[in-house]
Amino acid sequence: GQLEAVMKVAPDLDSDSLSRRLISLYISGFNTVKLLASGGVTLVQREAVKDLVRSRFVGTEIVSESSDSMTLQVLMSLPELPVEDALRRMSIITGFMLRDAFRAVETMDRNLASSVAKADDEVDRFSLYVIRQLASAVRSQLVMREIGLSTPADCLGYRVVVKSVERMADHASKVANAVFSMERKLDPAVLADLSEFKSLDARAMEDSLSALYKRDYGGAEQVFQVVSRCRELDAKILALLTEK
């Protein structure tokens, strides 16, 4: 059925707290959320809600609005975007972010670095959406089948995967942001190792997700070899950067 929530909003409720509460209701599976403010929804609160709906909630719209209330509704039905499709979209964006983050560091391109940070918001949108779907699936066998999963264990497994992809996107943002504190380009030796690291990193991500989708245990084992090489390169690059 349609899950509805009513949330009372005090005049002094700050934007961050308001956003956290709405995210909690969204990922809990509510289809309609009505905000009520007896003293009126402040302009700051109103803008915070609109920004959240626009930037973080997939398939959600503000369907009614008055001086003392706002109603949010998730218009997208469950089967329209299965978990695996949303995860694929997350992964594609994250892959582009990783590629561009390394490129931004290599060329010290601050515009490119900024675009990486913006893409992180899109990954977060899909992350919240998948978490919402998984939470609904745990409560209902019907929902679980509709979004393409078989067992509650699948829900737990995909939750771990989503969190891992989200962390990769966060790290890509951190790599890109490093450009803003760099005073000069990295040495050629470091850049060469970084280039190899970038290629291995992309391969590990693509192969791990491919193994997940195909349930390919042998392919999953091979990913660990790539990760091992990444760790070796990591140590080598750090040594090069700290040489006097």
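What you are looking at is a predicted structure, and each value in this text was computed from that prediction instead of being measured.

A. Examining the overall build of the protein chain more closely. Within the protein chain, the regular secondary structure consists of eight helices and four strands. Helices (α) and strands (β) of the protein chain occur, in sequence order from the N terminus, as β-α-β-α-β-β-α-α-α-α-α-α. Projected onto its principal axes, the C-alpha coordinates of the protein chain cover approximately 65 × 45 × 25 Å. Buried positions account for 41% of the 244 residues belonging to the protein chain. Summarising the internal contacts of the protein chain: among those between residues at least 6 apart in sequence, 74% fall at separations of at least 24. A total of about 13500 Å² of accessible surface is found on the protein chain, and carbon and sulfur atoms cover 53% of it.

B. Quick peek at the sheet that holds strand S1 (residues 4–8). Spatially, four strands are ordered S1-S2-S4-S3 in an open sheet, and the strand pairing comes out mixed. The open sheet has two free edges, formed respectively by S1 and strand S3 (60–66), since each of these has just one partner strand. Strand after strand, the sheet turns through a mean of 15° between neighbouring axes, direction not considered. Bridge analysis of strand S2 (residues 32–36) against strand S4 (residues 69–74) gives five bridges, and the strand direction is antiparallel. Within S4, the position partnered with Leu-36 by the bridge is Ser-69. Sheet strands touched by helix H1 (residues 15–27): S1, S2, S3 and S4. Its angle to S1, the strand with the most contacts, is close to 165°.

C. The arrangement of the side chain of Ser-127 in detail. Within the secondary structure, Ser-127 is located in helix H4 (residues 110–139). Taking relative accessible area as the criterion, Ser-127 reaches 2% and is therefore assigned buried. Ser-127 has contacts with Met-90, Val-162 and Glu-166, leaving out every residue within four places of it along the chain.

Reading the values: the criteria
Residues numbered from 1 in each chain as written. Predicted model: local features only at pLDDT ≥ 70, side-chain atom pairs only at ≥ 80, totals over all residues. Heavy atoms only, no water. Helix = DSSP H or I, 4+ residues; strand = E, 2+ residues; numbered from the N terminus. Buried < 20%, exposed > 50% of the residue type's maximum accessible area, 1.4 Å probe, protein only. Contact = heavy atoms within 4.5 Å. Areas by Shrake-Rupley, 256 points an atom, 1.4 Å probe, with all protein chains shown as cover. Pairing = 2+ DSSP bridges. Axes fitted to C-alpha atoms, helices over the stretch in contact; angles between N-to-C directions.

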